[in-house]
Amino acid sequence: TNSIQQIGGRWKPLILWNLSTGIRRFGQIGAIVPFISKKVLSEQLKELEKDGLINRVQYEEVPLRVEYS
């Protein structure tokens, strides 16, 4: 897929812009990207990670902590 397809759509540009300013946790991204459901946010983050556009780091802590950049 080309770059336009990877970042196209309603939410991905907002997510990428949000992550361009630093590391964020799932809840922080959801709070800044208005009107996105948790399900859709999760799907979009997985696609962006799969396409190599963002990094996801999972810390084995209780409670579980995941950071995106």
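This text goes with the structure placed above it.
What is the right way to read the nonpolar core from this model?
A general trend in soluble globular proteins is that nonpolar side chains are found buried together. In terms of nonpolar packing, the biggest core is built from 12 residues, these being Trp11, Ile15, Leu19, Ile29, Val33, Ile36, Leu41, Leu45, Leu48, Ile54, Val66 and Tyr68. Those elements that provide at least two residues to this core are helix H2 (12–19), helix H4 (38–50) and strand S3 (65–68). Considering every element that reaches this core, the biggest residue donor is H4, with three residues. Setting aside chain neighbours within four positions, we find Leu45 in contact with Ile15, Phe26, Ile29, Ile54 and Tyr68.

Can you help me understand the packing of aromatic side chains in this one?
One pass over the structure, following the stated rule, counts zero aromatic pairs. In this structure, Arg65 is placed above the aromatic ring of Tyr59, and the distance from its NZ or CZ to the ring centre is 3.8 Å.

Please clarify how H2 should be interpreted in this entry.
Given 3.6 residues per turn, any residue in an α-helix points the same way as the ones three and four places further on. When we look at burial in H2, the residues that qualify are Lys12, Ile15, Asn18 and Leu19. Buried positions in H2, seen along its axis, are confined to an arc of 130° and lie on one side of it.

Explain the sheet that holds strand S2 (residues 56–59) to me, please; I cannot follow it from the model alone.
Paired through backbone hydrogen bonds, the strands of a sheet run either parallel or antiparallel to each other. Across the sheet, three strands lie side by side as S1-S3-S2; this open sheet has antiparallel pairing. Strand pairing shows two members of the sheet lacking a second neighbour, strand S1 (24–25) and S2, which therefore form its edges. When S1 meets S3, the two strands line up antiparallel, connected through two bridges. Note that in S3 the partner of Arg24 across the bridge is Tyr68.

What should I look at first to understand the packing of H2 against H4 in this one?
A pair of packed helices is characterised by two quantities: the angle between their axes and the separation of those axes. Interhelical geometry of H2 versus H4 gives an angle of 70° and a closest axis separation of 10 Å. Classified by the angle their axes make, H2 and H4 are roughly perpendicular. Between H2 and H4, the residues in contact are Lys12, Ile15 and Leu16 and Leu41, Gln44, Leu45, Glu47 and Leu48, respectively. Considered class by class, the residues forming the contact of H2 with H4 number five nonpolar, one polar and two charged.

What's the story with unusual backbone geometry in this structure? I'm lost.
Among all residues except glycine, the phi angle is most often negative; among peptide bonds, the trans geometry is most common. Here Val62 and Pro63 are connected by a cis peptide whose omega angle stands at 0°. Its place among the elements puts Pro63 in the loop between S2 and S3.

How each quantity is defined
- Residues numbered from 1 in each chain as written.
- Predicted model: local features only at pLDDT ≥ 70, side-chain atom pairs only at ≥ 80, totals over all residues.
- Heavy atoms only, no water.
- Core = buried A, V, L, I, M, F, W, Y, C linked by side-chain atoms within 4.5 Å.
- Buried < 20%, exposed > 50% of the residue type's maximum accessible area, 1.4 Å probe, protein only.
- Helix = DSSP H or I, 4+ residues; strand = E, 2+ residues; numbered from the N terminus.
- Contact = heavy atoms within 4.5 Å.
- Phe/Tyr/Trp six-rings, centres within 6.5 Å; stacked < 30°, edge-to-face > 60°.
- Lys NZ or Arg CZ within 6 Å of the ring centre and 35° of its normal.
- Arc of directions from axis to C-beta.
- Pairing = 2+ DSSP bridges.
- Axes fitted to C-alpha atoms, helices over the stretch in contact; angles between N-to-C directions.
- Parallel < 35°, antiparallel > 145°, perpendicular 65-115°, else oblique.
- Nonpolar A, V, L, I, M, F, W, Y, C, P; charged D, E, K, R; others polar.

Just distances and angles here, no functional claims.
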